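Descriptive analysis of the structure
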Amino acid sequence: MAQEIKNVGVLGAGLMGHGIAQVFALAGHDVTIYDPVMAALDSAKTRIRANLADLGDDPAAVERVRPLADLAAAVRDADYVVEAVLEDLPLKQRVFAEIERHVRPAAILASNTSVIPITAIMEGLRDRSRALGTHWWNPPYLVPLVEVIGTQWTAQAAIDWTIALHQAAGKMPVHVRKDVPGFVGNRLQHALWREAIALVEHGICDAETVDTVIKASFGRRLAVLGPLENADLVGTDLTLAIHKTVLPDLERRGGPSPYLEALVAQGRLGFKSGAGFREWSGEQQAALRAKVLQHLKKARDA
Ligand SMILES: NC(=O)c1ccc[n+]([C@@H]2O[C@H](COP(=O)([O-])OP(=O)(O)OC[C@H]3O[C@@H](n4cnc5c(N)ncnc54)[C@H](O)[C@@H]3O)[C@@H](O)[C@H]2O)c1
């Protein structure tokens, strides 16, 4: 296992990859970044430079990021490699097989998949003891959490090193003990989204109302009061009483909502088509993106 983690290799220079590279470079690591799409690779440093300027972070950090168009060269000297390529299992499996051919024996290998079990991504590797998941949130330089997911094969030392690496880089890593689809964060998030969609599907309220209810009520508290803290705060006995009445009525479909399937079939894809659950003009999209960014920046500085 790598004793000192100095060089970080990032595979994929998209939305997540460039942001993860930025965090490690700002923490003082030398970072290589690889992407087969030249436009993505070429824009990585420009995007990082703009982010650093926007956040008031050390502009010199970008000089520690080296974009490389050759995967072998990008991982050869890395102590730690994190993959942030498209969310596609066969692609990720191919990428890790390729990484394993070129990387140092002691390097730790991580996938930033959103929901794919790490076991499925890493099962074909020769050495699975150094492979794990690190699930970041977008944007990586503003959202603190990183879920660190081990498989049945992952060495405890690899998990410990990865947690220490992310802590030293200013992140808030948590250890997920079992490798389940969606890990912890996306399971919780999509349990809420399933019920949100069901409320609209069954005509209980419209999409705007769902979002207003959350943002103007428990959403206000969520950043400082998690659901299990909240359950203790109101009392587990009250929580039990509420669950006896409400849980039998909640959505429990084992797959996606037909309402969501219909939106996609109709080409109502959200921002990218101008309409999804709601209609979105260009100005409304820009305003919402700016509002989220502003909120996250304020939370970081708080
Ligand atoms: N976007 C999010 O909010 C978010 C959050 C957490 C995790 N993730 C996960 O992070 C990963 C990347 O997501 P993203 O949003 O950055 O996607 P993205 O589309 O912005 O970037 C993916 C990049 O991978 C590159 N790529 C394609 N094939 C490659 C290969 N063989 N080797 C190296 N790079 C290759 C693409 O050219 C692209 O630049 C996905 O697994 C995604 O599920 C995304």
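This write-up is about the structure you can find in this document. These numbers come from a predicted model, not from an experiment.

1. Describing the pattern of salt bridges
Side chains that differ in sign of charge can pair as their charged atoms come close. Summed over all chains, the structure comprises 13 salt bridges. The closest approach of N and O atoms between Asp57 and Arg300, which form a salt bridge, is 3.1 Å. Taken as a pair, Asp57 in the loop between helix 2 (38-55) and strand 3 (65-68) and Arg300 in helix 13 (residues 282-301) lie far apart in primary sequence, 243 residues in all. For the salt bridge of Glu83 with Lys92, the shortest nitrogen-to-oxygen distance reads 2.4 Å. When salt bridges that share partners are traced, they join Asp57, Arg300 and Asp301 into one network.

2. Some details on the pairing of strand 3
In this sheet, strand 3 lies alongside strand 2 (residues 30-34) in parallel orientation, the contact comprising 4 bridges. Bridging across to strand 3, Thr32 finds its partner in Arg66.

3. Remarks on unusual backbone geometry
Cis geometry marks the peptide bond from Asn138 to Pro139, where omega comes out at -5 degrees. Relative to the assigned elements, Pro139 resides in the loop between strand 6 (131-136) and strand 7 (145-149).

4. So, the nonpolar core
A general tendency of soluble globular proteins is for nonpolar side chains to be buried together. Val10, Phe24, Val31, Ile33, Tyr80 and Trp136 are the most contacted members of the largest nonpolar core, which has 39 residues in total. Among all residues touching Trp136, those that are not within four sequence positions of it are Met16, Ile20, Val23, Phe24, Asn112, Leu145, Val146, His166 and Lys171. If you look at the next biggest cluster of nonpolar residues, it comprises 23 residues, including Tyr34, Leu68, Ala78 and Phe96.

Reading guide: rules and limits
- All residue numbers refer to position in the chain's written sequence, counted from 1.
- Where local features are concerned, this predicted model is filtered to residues with pLDDT of at least 70; where side-chain atom pairs are given and counted, the filter is 80 or more; whole-chain, interface and lining totals use all residues.
- Each side-chain value is derived from all of the structure's non-hydrogen atoms; neither hydrogens nor water enter the calculation.
- A pair is scored as a salt bridge if a Lys or Arg side-chain nitrogen falls within 4 Å of a carboxyl oxygen belonging to Asp or Glu.
- Each helix is a run of H or I in the DSSP string that is no shorter than four residues. Each strand is a run of E no shorter than two, and both are numbered from the N terminus.
- Two strands are counted as paired when DSSP detects at least two bridges linking them.
- As used here, the term nonpolar core means buried Ala, Val, Leu, Ile, Met, Phe, Trp, Tyr and Cys residues forming a set that is joined through side-chain atoms within 4.5 Å.
- Using a 1.4 Å probe on the protein chains alone, a residue whose accessible area is under 20% of its type maximum counts as buried, one over 50% counts as exposed, and one in between counts as partly exposed.
- A contact between two residues is defined here by any heavy atoms of the two lying within 4.5 Å.

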